[in-house]
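Observations on the model geometry
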Amino acid sequence: MERIKTLETRDLCESAVNGGCGECQTSCQSACKTSCGVANQVCENTEE
Amino acid sequence: MLHQYKLNGYNIVLDTCSGAIHIVDEVIYDMIALWQEKDEETIMNEMLEKYSHRDDVTKEELILCCEDINGLIKAGKLFTPDTFEDKAGTFKERSGNVIKALCLHVAHTCNLNCSYCFASQGKYHGERAVMSFEVGKRALDFLIENSGTRRNLEVDFFGGEPLMNWDVVKDLVKYAREQEKIHNKNFRFTLTTNGMLIDDEVIEFSNKEMSNVVLSLDGRKEIHDLKRVDYAGNGSYERIVPKFQKFVKERGDKSYYMRGTFTHANPDFTKDILHMLDLGFTELSMEPVVCAPDDEAALTPEDIEIVKNEYEILANEMIRRYDEGRPFTFYHYMLDLTSGPCVYKRISGCGSGTEYMAVTPWGDLYPCHQFVGEEEYKLGDIYSGVTNDALREDFRSCNAYSREECKDCWAKLYCSGGCAANAYHASGSIRGIYEPGCELFKKRIECAIMIKAALDDDKRKK
């Protein structure tokens, strides 16, 4: 039986190595305007 | 730190700090829940007893389960320790005083008189005003001057109703396009509008220049017209919907959101989402109202429970329509699991008051659009820059670890510590929390992850 299925995700610990370029969209700018969520942002770091 | 939950037939284990998501069978789910409290032998014995009715749950099988769990731990995908706290302040410190996004309040006036408007009908508790080209131009120069090495600069034309100052919007876009070439920047514009003044020229210009347009529609006619009325008290639905439909149709594949607000009048907001779908819109966002708790529009504790259930209904509808080949987007269920934000972004907070600021029609700077009109939150102006350094530092120190309540919360790497304005309005401090907002946020993330599990589920696909 398949006990565990792991979805493909970005490893957040590894993202600490080259992350933090700051080019991604400011969190609530441009869409919701009333709540903070970062999970729907897209990484724009082209050097990783 | 782990978060385990069951939703829609899926047993989901979220390893907060690695970001790993595991969909597991019920035995593994129970074993993981006990893993840090008991030894392997005890856990296996408990499982043999609990699942004695199942032939496949044998000692041999449980030994393999233990190996699987230990394998995930070893791979850094389960029980990953939280090592991010000391990094939480570093990103904003490293960014210095770089500003990369402005919300330009080009019009503190509005042609609608929506009763729930957080901006008091666009006036932000002040006088009616529109931004001149000179002020807007200086704001863009200010943004370029303070953007450091950031290339992507975001400017949102906001109000009030920005189309009431449309000529200035167009002139500012033209000016920014000239400047971006000179300074090697890339401007991304957004227009947020109530739709009343949309015409062919607005559509053509916006579809060429605006990276995103946010179109305010609350859903069903009776719901929309309840709050979104003109100064004579007439609902705006009939006047705006055909304009929005034309706008979106001609927009092609460029980004847009139909953005609604739900209140005490419609905690069953999924019906409004379905209505928007019926109108042909597929990129949707519905937000809980922002208002004082004693406001008639405010969501009650009973409403919050209804809304949480609605989020599940909505998630199931999304899966169903996806299977039928007619998918749609709900802003808060968008999760980019493979190429989403890095951990610095996730722990640094939303950027309000530091990399993101709002500019009033006369050039004052505030931490974000929701603080405009709160005098003690004025940061400075576009001529002298930020002069209230203490306030900027206060916002700089807001992050996923700056609130006691967030430290042990599994969702902190999805919300970054939450919205400072919501916290301020709910608790009187930007370091407070807005608990109903947290509750709804967590529910949305649970649903969003469940949707990912369902869409990845081969058995369901068959």
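Placed above this text is the structure.
In short, a report on the structure.

This paragraph deals with the overall build of chain B. When its secondary structure is counted, chain B shows 18 helices and 15 strands. Since a compact globule built from 462 residues should have a radius of gyration of about 23 Å, the 24 Å found for chain B is in line with a globular shape. Over its C-alpha atoms, taken along the principal directions, chain B stretches across nearly 75 × 45 × 45 Å. The contacts in chain B between residues at least 6 apart in sequence include a share of 69% that link residues at least 24 apart. In the structure as shown, chain B presents an accessible area of about 18,500 Å², 50% of it carried by carbon and sulfur atoms. Averaging the locations of the 57 positively and 78 negatively charged side chains of chain B gives two centres separated by 5 Å.

For the rest of this paragraph, the subject is the layout of surface pockets. The rolling of a water-molecule-sized probe over the atoms marks out the regions of remaining empty space. Of the voids in this model, the second largest pocket is the one considered here, and its volume is about 490 Å³. Considering the residues around the second largest pocket, the lining is formed by 22 residues, among which Gln25 of chain A together with Asn212, Ser255, Tyr257 and Met334 of chain B are closest to the centre. Examining the composition of the lining of the second largest pocket, we find that 3 residues originate from one element, strand 9 (residues 255–262) of chain B, more than from any other. Across the lining of the second largest pocket, the residue classes break down as 8 nonpolar, 9 polar and 5 charged.

Counting through the fold element by element, Arg94 of chain B comes out in helix 4 (residues 90–94). In this structure, the C-alpha to C-alpha distance between Arg94 of chain B and Arg346 of chain B, residues 252 residues apart in sequence, is 15 Å. The contact partners of Arg94 of chain B, leaving out residues within four places of it in the chain, are Gly19 and Gly20 of chain A together with Tyr344 of chain B.

Spatial strand order, 1(A)-3(B)-2(B)-1(B): 4 strands in an open sheet with antiparallel pairing. Looking at which strands have only one partner, the edges of the open sheet turn out to be strand 1 (4–6) of chain A together with strand 1 (2–7) of chain B. The mean inter-strand angle of the sheet, taken between neighbouring strand axes irrespective of direction, is 25°. Along the sheet, helix 1 (residues 26–34) of chain B contacts strand 1 of chain A together with strand 1, strand 2 (10–15) and strand 3 (20–24) of chain B; its crossing angle with strand 1 of chain B, the most-contacted strand, is approximately 150°.

Inspection of the secondary structure assignment puts Thr270 of chain B in helix 10 (residues 270–278). Thr270 of chain B has contacts with Glu310, Ile313 and Leu314 of chain B, leaving out every residue within four places of it along the chain.

The next thing to look at is the interface of chain A and chain B. Counting residues at the interface gives 41 residues for chain A and 79 residues for chain B. Taken together, both faces of the contact between chain A and chain B bury some 5,200 Å²; the carbon and sulfur share is 53%. Our count for the contact surface shared by chain A and chain B stands at 4 salt bridges. Put simply, Arg188 of chain B and Glu44 of chain A hold a salt bridge, and the shortest N to O gap is 2.8 Å. For the interface between chain A and chain B, the tally reads 24 residue pairs in polar contact (both at pLDDT 80 or more). For the side of chain A that touches chain B, the element with the highest residue contribution is helix 1 (residues 12–18) of chain A, accounting for 4 residues. When grouped by side-chain class, the residues that make up the side of chain A that touches chain B number 16 nonpolar, 16 polar and 9 charged. Judged from the 3 bridges that link them, strand 1 of chain A and strand 3 of chain B form a sheet pairing that is antiparallel.

Right, let's get into the packing of aromatic side chains. Centre-to-centre distance and the angle between the planes together describe a pair of aromatic rings. Residues and elements named next belong to chain B. Applying the stated rule across the entire model yields 16 aromatic pairs over all chains. Ring geometry for Phe157 and Phe189: centres 5.5 Å apart, planes at 20°, overall stacked. Placement of the pair is Phe157 in strand 6 (residues 152–159) and Phe189 in strand 7 (residues 186–193), with a sequence separation of 32 residues. Phe157 gets classed as buried once you look at its relative accessible area, which sits at 0%. Ring geometry for Tyr311 versus Phe330: centroids 6.5 Å apart, planes at 45°, classification tilted. With Tyr311 in helix 11 (residues 301–323) and Phe330 in strand 11 (residues 329–330), this pair connects stretches of sequence that are 19 residues apart.

Let us now look at the nonpolar core. A general trend in soluble globular proteins is that nonpolar side chains are found buried together. All names here are of chain B. Ranked by internal contacts, the top residues of the largest apolar core, which has 120 residues, are Leu104, Phe157, Met210, Leu217, Met258, Phe281 and Tyr333. Examining the composition of this core, we find that 10 residues originate from one element, helix 17 (residues 435–455), more than from any other. With 22 residues, the next largest nonpolar core counts Ile32, Met47, Leu62 and Phe79 among its residues.

Residues and elements named next belong to chain B. Inspection of the entire model under this criterion finds 38 salt bridges over all chains. Among the ionic pairs, Lys38 bridges to Glu46, the shortest N-O distance being 2.7 Å. Judged by relative accessible area, which is 32%, Lys38 ranks as partly exposed. With its nearest N and O atoms 3.2 Å apart, the salt bridge here joins Arg177 to Glu180. One end of the pair, Arg177, and the other, Glu180, are both in helix 6 (residues 166–183), 3 residues apart, so they sit about a helical turn from each other. Note on accessibility: Arg177 and Glu180 belong to one class, buried.

What follows covers the packing of helix 1 of chain B against helix 2 (residues 40–50) of chain B. Residues and elements named next belong to chain B. As a packed pair, helix 1 and helix 2 sit with axes 10 Å apart at the nearest point and diverge in direction by 140°. As helix 1 packs across helix 2, the resulting crossing turns out to be right-handed. Seen from helix 1, the contacting residues are Val27, Asp30, Met31 and Leu34; seen from helix 2, they are Ile43, Met44, Glu46, Met47 and Lys50. Considered class by class, the residues forming the contact of helix 1 with helix 2 number 6 nonpolar, no polar and 3 charged.

Residue and element names in this part refer to chain B. In this structure, the amide linkage connecting Gly159 to the following residue, Gly160, adopts the cis form with an omega of 5°. Structurally, the position occupied by Gly160 is in the loop between strand 6 and helix 6. Look at Asn8: it is not a glycine, yet its phi comes out positive at around 60°. Note that Asn8 resides in the loop between strand 1 and strand 2. Backbone geometry places His125, a non-glycine residue, at a positive phi of 65°. In this structure, His125 sits in the loop between strand 4 (101–108) and strand 5 (129–130).

Calculation notes
- Residues numbered from 1 in each chain as written.
- Chains lettered and ligands numbered in written order.
- Predicted model: local features only at pLDDT ≥ 70, side-chain atom pairs only at ≥ 80, totals over all residues.
- Heavy atoms only, no water.
- Helix = DSSP H or I, 4+ residues; strand = E, 2+ residues; numbered from the N terminus.
- Rg over C-alpha atoms; globule rule 2.2 N^0.38 Å.
- Contact = heavy atoms within 4.5 Å.
- Areas by Shrake-Rupley, 256 points an atom, 1.4 Å probe, with all protein chains shown as cover.
- Lys, Arg positive; Asp, Glu negative; His and termini not counted.
- Charge placed at Lys NZ, Arg CZ, Asp CG, Glu CD.
- 1 Å grid on protein atoms, 1.4 Å probe; cavity = no way out; pocket = protein on both sides within 12 Å on 5 of 7 lines; lining within 4 Å.
- Points joined across faces, edges and corners; volume = space filled by probe spheres on them.
- Nonpolar A, V, L, I, M, F, W, Y, C, P; charged D, E, K, R; others polar.
- Pairing = 2+ DSSP bridges.
- Axes fitted to C-alpha atoms, helices over the stretch in contact; angles between N-to-C directions.
- Buried area = accessible area lost by both parts, 1.4 Å probe.
- Salt bridge = Lys/Arg side-chain N within 4 Å of Asp/Glu carboxyl O.
- Polar contact = N/O pair within 3.5 Å; in protein donor to acceptor, adjacent residues only side chain to side chain.
- Phe/Tyr/Trp six-rings, centres within 6.5 Å; stacked < 30°, edge-to-face > 60°.
- Buried < 20%, exposed > 50% of the residue type's maximum accessible area, 1.4 Å probe, protein only.
- Core = buried A, V, L, I, M, F, W, Y, C linked by side-chain atoms within 4.5 Å.
- Left-handed = near helix turned anticlockwise from the far one by under 90°.

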